[in-house]
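So you can see what is in the structure, the chains are spelled out below.
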Amino acid sequence: MNNEVYIIAEVGMAHDGSLGMAHSFIDALSGTGVNAVKFQVHIAAAESSMSERFRINFSYEDRTRMDYWARTEFTREQWACLKTHCAANGMDFVASPFSIAAAELLQNIGAKKIKIASGEVTNHLLLKKIARFADYVLLSSGMSNWDELDGAASILTNREIAFSILQCTTAYPTQPSQWGLNVLDEIRNRYDVPAGFSDHSGDIYAGLAAAAHGASTIEVHATFDQCMFGPDARASLDMRQISSLVKGIRQIENAVRHPVNKLHNEDFRELSKIFGKSLALNKHLKKGHIVRLEDLETKKPAGQGMDVRNYQQAVGRMLLRDMPQWEFLQEHDLEPCEK
């Protein structure tokens, strides 16, 4: 990872078990400018049980949550093909394993960037397994408190694994009051690692705000349409929104790389003259008239009359000649100031 904000499009389970749909997401996302495509790797028998309940009721065909995981599984060969497809389109393959078996599958296909879902932060057995093969770990903080994150961070630090921690709020969709942008600085200060942002808001604004707050990574859920089937569709971005988010983040980066020095405005000197103003008179006045504030107007351009900032130097002084309405007022049109 370099200094550019690393943008991840999370397909997650939006493919609903369709390999063709999973590949279609990769094709579509390749045109948005994201750096990586992320999937979730679920192996039902290793991860789940018949006691697991649905977070929300969304499935019309799965009797249990375990049935859902089983129906939507991919084989090792299929995952390898998805990883290859990402690489062929210039994007990294990132995945979240939800069991030791899933981590072993990812190790087997050579996956190197691993995301730890917030529900797995206290799964130290899984973290230690991932630390054996991952080059980079993205640690989500959604359901974790500081003590739990301390434990996970300690495991990765002790094993010298490069990692970042993503501020995340486990709410779908996440409201602005729940974004937690302040946590980005707290993560950086507490762990001295890059702080990222995992978003479930369903719009581009949270990601843009996080980028402006220095997030190193922005992760958003991807969908073809927010009306699609699945538990995360309403909290996801469609391809148009993802493209807009990427464009906005890159513009924010460009702005941050080019600070403006307000002490130096030489580039605008000519424009300042064009848009600037000079003092003028708003009525015909006779020689000997004592100039009042009510007699003054400001007219473009600058440099044709007295500087408007010096208007008080004109007030109370006598005109040395007749002057027509709207003429610029010069210093030599006024009686000299007393020394």
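The shown structure was predicted, so the numbers you read here are calculated from the model rather than taken from an experiment. Counting restarts for each chain, with residues numbered from 1 along the sequence as it is written. Where totals are concerned, whole chains, interfaces and linings use all residues; where local detail is concerned, this predicted model gives features only for residues with pLDDT of at least 70, and gives and counts side-chain atom pairs only at 80 or more. Hydrogen atoms and water are omitted, and side-chain values are computed over all heavy atoms in the structure.

Our next topic: the packing of aromatic side chains. Between the rings of Phe, Tyr and Trp (Trp by its six-membered ring), a pair exists once the centres lie within 6.5 Å; its type follows the angle of the planes, with under 30 degrees stacked, over 60 edge-to-face, and the other angles tilted. Taken as a whole, this structure holds seven aromatic pairs when the rule is applied. Here the aromatic rings of W79 and F93 are separated by 6.3 Å at their centres, their planes lie at 65 degrees, and the arrangement is edge-to-face. Of this pair, W79 sits in helix 4 (residues 76-88) while F93 sits in strand 3 (residues 92-97), placing them 14 residues apart in sequence. We note that W79, like F93, is buried. Look at W146 and Y191: their rings are 6.1 Å apart centre to centre, the planes differ by 40 degrees, and that puts the pair in the tilted class. In this pair, W146 is assigned in helix 7 (residues 146-158) and Y191 in helix 8 (residues 182-191), connecting sequence segments 45 residues apart. Within the aromatic cluster, the residues linked to one another by ring pairs are F39, F74, W79 and F93. The ring centre of F328 lies 5.3 Å from the NZ or CZ of K299, which sits over that ring. Only DSSP runs of H or I reaching four residues or more are called helices, and only runs of E reaching two or more are called strands; each is numbered from the N terminus. Relative accessible area decides the class of each residue, using a 1.4 Å probe on protein chains only: under 20% of the type maximum gives buried, over 50% gives exposed, and in between gives partly exposed. Only lysine NZ and arginine CZ atoms are considered, and such an atom sits over a ring when it is within 6 Å of the ring centre and within 35 degrees of the ring normal.

Where nonpolar side chains cluster on the molecular surface, the patch consists of F268, L271, I274 and F275 and spans about 440 Å² of accessible area. One can find I274 in helix 11 (residues 269-275). Patches here: salt-bridge-free residues with over 30% relative accessible area, like charges joined within 9 Å, nonpolar side chains (Val, Leu, Ile, Met, Phe, Trp, Tyr) joined within 5 Å. All accessible-area figures derive from a Shrake-Rupley calculation using a 1.4 Å probe, and residue coverage is judged against the displayed protein chains alone. Any Lys or Arg side-chain nitrogen located within 4 Å of an Asp or Glu carboxyl oxygen qualifies as a salt bridge.

A word on the UniProt feature "domain: AFP-like" (unreviewed entry) in the protein chain. Within this numbering scheme, the UniProt entry marks residues 278-337 as carrying the feature "domain: AFP-like" (unreviewed entry). Here residues 278-337 is 0% helix and 13% strand, with 20 Å between the C-alpha atoms at its ends. UniProt positions are given in the numbering used here, feature names are shortened, and annotations may be inferred rather than shown by experiment.

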